[in-house]
Amino acid sequence: MAQAQAEDIAIGMNMPLTGAFAASGTYVADGARIAIDEINANGGVLGGKTLKLILEDNKSNPTEAATVTEKLIVRDKVPVILGAWGSSLTLAAMPKLMQYQVPMVVETSGANKITESGNPFIFRIAATQVIEAAGFEEKLDQFNIRKVDFLAINNDWGLNTVNQFGKTMKDHGIEVGLVELMDQASQDVSAQLSRLKSSDADTLIVTTAVEQLTLVLKQAAALGIDKQIITTGGSQNPDQLVAQAGSAAENTVHLVFFAPWDPDSTAFPEKTRGFIEAWKAKGFDFAGLTESFRGYDGVQVIASAIERASSTEPDAIREALWNTRVDVLNGAVSFDKSGPEGAESAQSRPNVYFAKISGGKIEVLK
């Protein structure tokens, strides 16, 4: 057993398992575990070595995210990390990556700053707000927007989304109205929603995680807000909204990065079907699929880089990540340089989908 354990290759995972983002973080971790099991069942990496996930809870808190990063590197000696879900969490972890020169695959965080600040240890497979806005722009004609308001979580994720989507709207001659912000722990956003109700905008774009979004939709319905509601960020779990918000979620549209309701619309339908079956076999809720794929894809990218590196040294894995070409659930991953010359981060270009809740069912917009 000791010999077998010595052959393990540890992957660190920095994820919110408690706090405001706990539901999403747990789904991502579950997806990562499925990838670990699949890779190990198929012979592992580097001639039979098994992968081991070392999972740490950042408690949805940026300070904890930095602490967890250092703990994984110093205590657990991991050569690579997957994390850290939210943009504020990832931004807090980034100085530790620089300090110890360990790469991190970023699976969820979308703030543009993450890949623009000059950190060569960042490899992001999640969409930036620029990529989200570009995907939205492609579908813009379907939404018939005249004037738009924003309701966003008051952190890097929400503020960057407002800026980028606002720019896209203005570029297309769409008027931008009110911008309302909410703290991530807020349970009552009725004041913000009351102001938005009085606006003459026909569309409201909302950015927050699924737990808070459920409250927003319920409170918006209670106030009688009758506007087109579109969410961004890909962390909404439309099935969970149907279950928890009920009729308040009806006719809302959600930007997502995985479309399990319609496998044929995804980049690799057979991979999608296989992952869905593995997820169901674990007894997990279908609703978690729109988050869990992130963990699955992140581990697959890391495993591919370890194989390419033929090494478990952080620098070798970092170099191999630059040359990674691997097909995952969200599409084909390869990395382009982003940020200041000589200290570029890496950014892939994931797919973007839109899911509409209609009659309590999820429809992928074509």
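Residues numbered from 1 in each chain as written. Predicted model: local features only at pLDDT ≥ 70, side-chain atom pairs only at ≥ 80, totals over all residues. Heavy atoms only, no water.

Participant: I keep staring at the overall build of the chain and nothing clicks. Help me out?
Facilitator: In terms of helices and strands, the chain carries 12 helices and 16 strands. Across the 366 residues in the chain, those meeting the buried criterion constitute 58%. Contacts spanning at least 24 positions in sequence make up 70% of the contacts within the chain whose residues lie at least 6 apart. Summed over all atoms, the accessible surface of the chain reaches about 14,100 Å², with 46% contributed by carbon and sulfur. In the chain, the 32 positive side-chain charges and the 45 negative ones have mean positions that sit 1 Å from each other. (Helix = DSSP H or I, 4+ residues; strand = E, 2+ residues; numbered from the N terminus. Buried < 20%, exposed > 50% of the residue type's maximum accessible area, 1.4 Å probe, protein only. Contact = heavy atoms within 4.5 Å. Areas by Shrake-Rupley, 256 points an atom, 1.4 Å probe, with all protein chains shown as cover. Lys, Arg positive; Asp, Glu negative; His and termini not counted. Charge placed at Lys NZ, Arg CZ, Asp CG, Glu CD.)

Participant: Looking at this structure, how should I read the nonpolar core?
Facilitator: A general tendency of soluble globular proteins is for nonpolar side chains to be buried together. Counting residues in hydrophobic clusters, the biggest one holds 72 residues, and the most contacted among them are L51, F136, I145, F275, V301 and F335. In terms of residue count, helix α11 (residues 289–309) provides more of this core than any other element does, 10 residues in total. With residues near it in sequence (within four places) discarded, F136 still touches F143, I145, F165, M169, I205, I230 and F354. Core analysis: the second largest hydrophobic core is formed by 26 residues, M182, V210, I225 and I357 among them. (Core = buried A, V, L, I, M, F, W, Y, C linked by side-chain atoms within 4.5 Å.)

Participant: What's the story with helix α6 (residues 156–171) in this structure? I'm lost.
Facilitator: Three or four residues apart is the spacing at which side chains of an α-helix point the same way, because the helix has 3.6 residues per turn. In a regular helix each residue adds 1.5 Å, so 16 residues correspond to 22 Å; α6 covers 22 Å between its end C-alpha atoms and thus fits that length. Listed as buried for α6 are W157, G158, N160, T161, V162, Q164, F165, G166, T168 and M169. In this structure, the buried side of α6 is in contact with α4 (87–100), α5 (129–139), β6 (147–153), β7 (175–182), β8 (203–207) and β10 (253–256). Capping the start of α6 is the job of one residue whose side-chain oxygen sits 3.1 Å from the backbone nitrogen of W157: N155. (Expected span 1.5 Å × (residues − 1). Polar contact = N/O pair within 3.5 Å; in protein donor to acceptor, adjacent residues only side chain to side chain.)

Participant: What's the story with the packing of helix α10 (residues 269–281) against α11 in this structure? I'm lost.
Facilitator: The relative placement of two packed helices comes down to the angle between their axes together with the axis-to-axis distance. Contact pair α10 / α11: the axes reach a minimum separation of 11 Å and the direction vectors enclose 105°. It follows from the interaxial angle that α10 and α11 lie roughly perpendicular. In contact with F275, I276 and W279 of α10, α11 contributes L289, S292, F293 and Y296. Residue classes in the contact of α10 with α11 are distributed as six nonpolar, one polar and no charged. (Axes fitted to C-alpha atoms, helices over the stretch in contact; angles between N-to-C directions. Parallel < 35°, antiparallel > 145°, perpendicular 65-115°, else oblique. Nonpolar A, V, L, I, M, F, W, Y, C, P; charged D, E, K, R; others polar.)

Participant: I tried to follow the environment of S304 on my own but got confused; where do I start?
Facilitator: Within the fold, S304 resides in helix α11. Owing to a relative accessible area of 18%, S304 belongs among the buried residues under this scheme. Apart from the residues lying within four places of it in its own chain, the contact partners of S304 are T324 and V326.

Participant: Explanation requested: the packing of α11 against helix α12 (residues 314–322) in the structure shown.
Facilitator: Where α11 meets α12, the closest approach of the two axes is 8 Å, and the angle between their N-to-C directions is 110°. Compared by their axis directions, α11 and α12 come out roughly perpendicular. Between α11 and α12, the contacting residues are V301, A305, I306, R308 and A309 on the first element and A316, I317, A320 and L321 on the second. Its residues assigned to classes, the contact of α11 with α12 shows eight nonpolar, no polar and one charged.

Participant: I keep staring at the sheet that holds strand β14 (residues 345–347) and nothing clicks. Help me out?
Facilitator: Two strands in a sheet stick together by hydrogen bonds in their backbones, pointing the same way (parallel) or opposite ways (antiparallel). The seven strands are arranged β2-β1-β3-β4-β5-β14-β13 in an open sheet whose pairing can be described as mixed. Two strands bound the open sheet, and with one partner strand each, they are β2 (51–57) and β13 (336–338). Strand after strand, the sheet turns through a mean of 25° between neighbouring axes, direction not considered. Here strand β4 (residues 104–106) runs beside strand β5 (residues 122–124); their pairing, made up of three bridges, is parallel. Among the inter-strand pairings, M104 is bridged to a residue of β5, identified as I122. Strand contacts of α12: β4, β5, β13 and β14, with the helix running at about 40° to β5, the strand carrying the most contacts. (Pairing = 2+ DSSP bridges.)

Participant: I'm lost on the packing of aromatic side chains in this one. Help?
Facilitator: Working definition: an aromatic ring pair is given by the centre-to-centre distance plus the angle between the planes. In total, this model carries 14 aromatic pairs according to the counting rule given. Here the aromatic rings of F21 and W85 are separated by 4.7 Å at their centres, their planes lie at 35°, and the arrangement is tilted. On the criterion of sequence distance, the pair formed by F21 in the loop between β1 (9–15) and α2 (22–41) and W85 in the loop between β3 (81–83) and α4 is long-range, its members being 64 residues apart. Residue W85 is classed as buried on the basis of its relative accessible area of 1%. Centre to centre, the rings of F123 and W322 are 5.3 Å apart; their planes meet at 70°, and the pair counts as edge-to-face. (Phe/Tyr/Trp six-rings, centres within 6.5 Å; stacked < 30°, edge-to-face > 60°.)

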